[in-house]
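Chain by chain, the residues:
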Amino acid sequence: MTDNLSRILIAAALCAIGNVVHAQDADVNADRARANFARPVVLAADDVRAFAAPPAGFADAHAGTAQGKVEPFTYQSAVTGTRRAANVWLPPGYDKTRRYPVLYLLHGIGGNQDEWRGYVRANDVLDNLAAAGRIVPMIVVMPNGRALADDRSPPPDRVFTPENAAGFARFEHDLLESLIPAVDAAYPTLADSGHRALGGLSMGGGQALNFGLKHPQAFAWVAGFSPAPNTEDAAKLAAEAHQAGGGLKLLYLSCGNRDGLINVAQGVHRQLKAQGVAHVWNVDGYGHDRDSWAENLYHYAQLLFR
């Protein structure tokens, strides 16, 4: 199976994953998932771009552009009892004598710590923004959001199982209790909520909204890109965001207008509006794919820590 076809099937099946997470014995199959993903996209008047499209080449490596460093990072997990892996992007000119804010980026259900770097090319997006002086210098952590003892990306026929989905829910405690303390111990971070951001794509977008809005003491900047149906009840998330008040400095929500999962993000957006919670709502012209996620990283990163 090609990598492209694999990603299409994973995106298609995401429509059923909410049932897997919330009802472990749900009957999930590929035919049902494809049918769900193929539902018509219905757009409201405010389902539009909040930003102009980035310039051509914004996610490409360019000769002569100063590059940050992506390095492997491991930490001991109290959740899995194993050492777990992440990738860490350090900005160009990284200086151990100064302190940096930190952005955590979470991947999708079929991915791992390499998805943001390899598929989305997040490091190229960040390198170009840093070279243009358009982002605050920051450390970016790209972990494996599947908190299982065997956290390897499963084969396509094992992606949509209760065991795999449960690992994404368990990552909440791994992130807060193991990964963040390990990063703060290993790097010169600004270790408070005002200098810590969370974002994710697809399944990771749901994680980011679920964990970030539940724990405003840990994250003041939260983003969900194309959040999947693992996203918690929209009214609950909006209430948590409202309760956070001024402690939540930015809530960023996005999806493509050709994404069959847009109803998830639309539901959160509408509840946020109903409860009077300020947020960014960006609907781009893509499907459930890297073009959307790279663009929204480009926009989100520029808003952080200001």
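Everything below is about the structure printed above this text.
Rules used in this analysis
Residues numbered from 1 in each chain as written. Predicted model: local features only at pLDDT ≥ 70, side-chain atom pairs only at ≥ 80, totals over all residues. Heavy atoms only, no water. Pairing = 2+ DSSP bridges. Helix = DSSP H or I, 4+ residues; strand = E, 2+ residues; numbered from the N terminus. Axes fitted to C-alpha atoms, helices over the stretch in contact; angles between N-to-C directions. Contact = heavy atoms within 4.5 Å. Core = buried A, V, L, I, M, F, W, Y, C linked by side-chain atoms within 4.5 Å. Buried < 20%, exposed > 50% of the residue type's maximum accessible area, 1.4 Å probe, protein only.

Participant: Would you mind showing me how to read the sheet that holds strand 8 (residues 280-284) here?
Facilitator: Backbone hydrogen bonds hold the strands of a sheet together, and the pairing may be parallel or antiparallel. Here 8 strands make up an open sheet; going across it, the order is 1-2-4-3-5-6-7-8 and the pairing mixed. The open sheet is flanked by strand 1 (69-76) and strand 8, the only strands paired with a single partner. Averaged over neighbouring strand pairs, the angle between their axes works out to 20 degrees when direction is ignored. Here strand 3 (residues 102-106) runs beside strand 4 (residues 139-143); their pairing, made up of 3 bridges, is parallel. Of the residues in strand 4, the one forming a bridge with V102 is I139. Running at roughly 150 degrees to strand 5 (residues 196-201), helix 6 (residues 203-214) makes contact with strand 3, strand 5, strand 6 (221-225) and strand 7 (250-256) of the sheet.

Participant: Honestly, the nonpolar core in this entry has me stumped. Any pointers?
Facilitator: A general feature of soluble globular proteins is that nonpolar side chains tend to end up buried together. Judged by nonpolar contacts, the single largest core of 42 residues is most densely connected at Y104, V141, L175, L179 and L251. With 33 residues, the next largest nonpolar core counts F58, Y119, V280 and A301 among its residues.

Participant: Teacher, can you tell me more about unusual backbone geometry here?
Facilitator: Note: most peptide bonds trans; most residues except glycine with negative phi. Notably, S226 is not glycine yet its phi reads approximately 45 degrees, a positive angle. By the element assignment, S226 lies in the loop between strand 6 and helix 7 (234-244). The backbone of F305 shows a phi angle near 60 degrees, a positive value even though the residue is not glycine. Within the fold, F305 resides in the segment after helix 9 (290-303). According to the relative accessible area criterion, F305 is buried, its value standing at 12%.

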